[in-house]
Amino acid sequence: MLRKLMRKKTADIQSLQERIHTVKQRQMPNHVAIIMDGNGRWAKQRKMPRIAGHHEGMKTVRQVTNFANDLGVKALTLYAFSTENWKRPKIEIDFLMNLPGEFLNTYLPELMEKGIKVEMIGNMDALPAHTKTAITKAMEITKNNTGLILNFAMNYGSRLELVHVMKELAREVESGNMEIEAIDENVINSKLMTAHLPEPDLLIRTSGEVRLSNFMLWQLAYAEFIFTEVLWPDYNEECFLQAIEDFQNRDRRFGSLEGDRKG
Ligand code: V0D
């Protein structure tokens, strides 16, 4: 009986390895963006405080980051804190703002070992000093790493980002440095906080919510969207692998007939 169970277990592990082998031979998304939803609900189901869910969600961040790096994904953007999240109770915000420091204290050696580079988008100014310090240090220490870019969206909102781009362009036109006619998609891309990153080609949102919630509105124009009922603390390598497989099985044609089946 035990032997039979063991055999089954071995088979399961092998098939996961086989699936990884297969996705690696196909086109990997360059940039995966994730809205990490469901931490509060996960905690509530266990009669635990919301912060316990946030803390558990941090472990998922580590797991998914390492897995994405192993698969050869170039950039992973995680929506960690939105401009809307300031409306939450102060006690919850205080706890959240300790997570970057805790995450980096715990995992920075591992990030260095794996060559992962930490970056962030969003307005850093409004973050507490200790949070800012932790993130700035990690960005400095990992800046020469050449593996996965682990990009945290913190105090980020897409419309506000676009407002800044528009103001910046208006200033350049007003000062005579740019012709209105020179404004095109590339110019706008170059002013976004994601200017140096490949365009996200896959968006994942967990926990059953089917909305964009002001996340990378411009950047996600051509991305594949994958929504799952799985709560972020329960999300794992197998879930991420499934998302990559789903991505690879979609027909990405950008509106052209390229790849259209004959007959
Ligand atoms: C809570 C689930 C890692 C989402 C994941 C302050 C909500 C865990 C970071 C982090 C959060 C951010 C920057 C950095 C290193 C780590 C994080 C927040 C929330 C918002 F440089 N997890 N995490 N930041 N949660």
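Structure: above.
In short, a report on the structure.

## As for the overall build of the protein
No. 1: On a plain count of helices and strands, the protein comes out with eight helices and six strands.
No. 2: Start at the N end of the protein and walk to the C end: the helices and strands fall as α-β-α-α-β-α-β-α-β-α-α-β-β-α.
No. 3: Since a compact globule built from 263 residues should have a radius of gyration of about 18 Å, the 20 Å found for the protein is in line with a globular shape.
No. 4: Referenced to the eigenvectors of the C-alpha coordinate spread, the extents of the protein come out at roughly 80 × 60 × 35 Å.
No. 5: Residues classed as buried in the protein amount to 44% of the 263 residues present.

## So, helix H4 (residues 90-113)
No. 1: The end-to-end C-alpha separation of H4 is 36 Å, in line with the 34 Å expected for 24 residues at 1.5 Å each.
No. 2: The axis of H4 is deflected most strongly, by about 60°, at Tyr107, and proline Pro109 appears within four residues downstream.
No. 3: Within two residues after H4, Gly115 carries a phi angle of roughly 75°, on the positive side.

## A short note on the nonpolar core
No. 1: Among the nonpolar cores identified, the biggest contains 48 residues, and Ile34, Leu71, Leu76, Phe103, Phe152 and Phe240 are the most heavily contacted of them.
No. 2: For this core, the leading source of residues is H4, giving nine residues.
No. 3: Among residues more than four places away in sequence, those in contact with Leu76 are His31, Val32, Ile34, Val64, Thr65, Ala68, Leu148, Ile149, Leu150 and Asn151.
No. 4: Counting residues in each nonpolar core, the second largest holds 11 residues, with Tyr79, Ala153, Leu203 and Leu220 among its members.

## Observations concerning the environment of Ile180
No. 1: Among the structural elements, Ile180 can be located in the loop between helix H6 (158-174) and helix H7 (185-191).
No. 2: Given the relative accessible area of 58%, Ile180 is considered exposed.

Conventions and cut-offs
Residues numbered from 1 in each chain as written. Predicted model: local features only at pLDDT ≥ 70, side-chain atom pairs only at ≥ 80, totals over all residues. Heavy atoms only, no water. Helix = DSSP H or I, 4+ residues; strand = E, 2+ residues; numbered from the N terminus. Rg over C-alpha atoms; globule rule 2.2 N^0.38 Å. Buried < 20%, exposed > 50% of the residue type's maximum accessible area, 1.4 Å probe, protein only. Expected span 1.5 Å × (residues − 1). Bend = angle between axes of the 7 residues up to and from the residue. Core = buried A, V, L, I, M, F, W, Y, C linked by side-chain atoms within 4.5 Å. Contact = heavy atoms within 4.5 Å.

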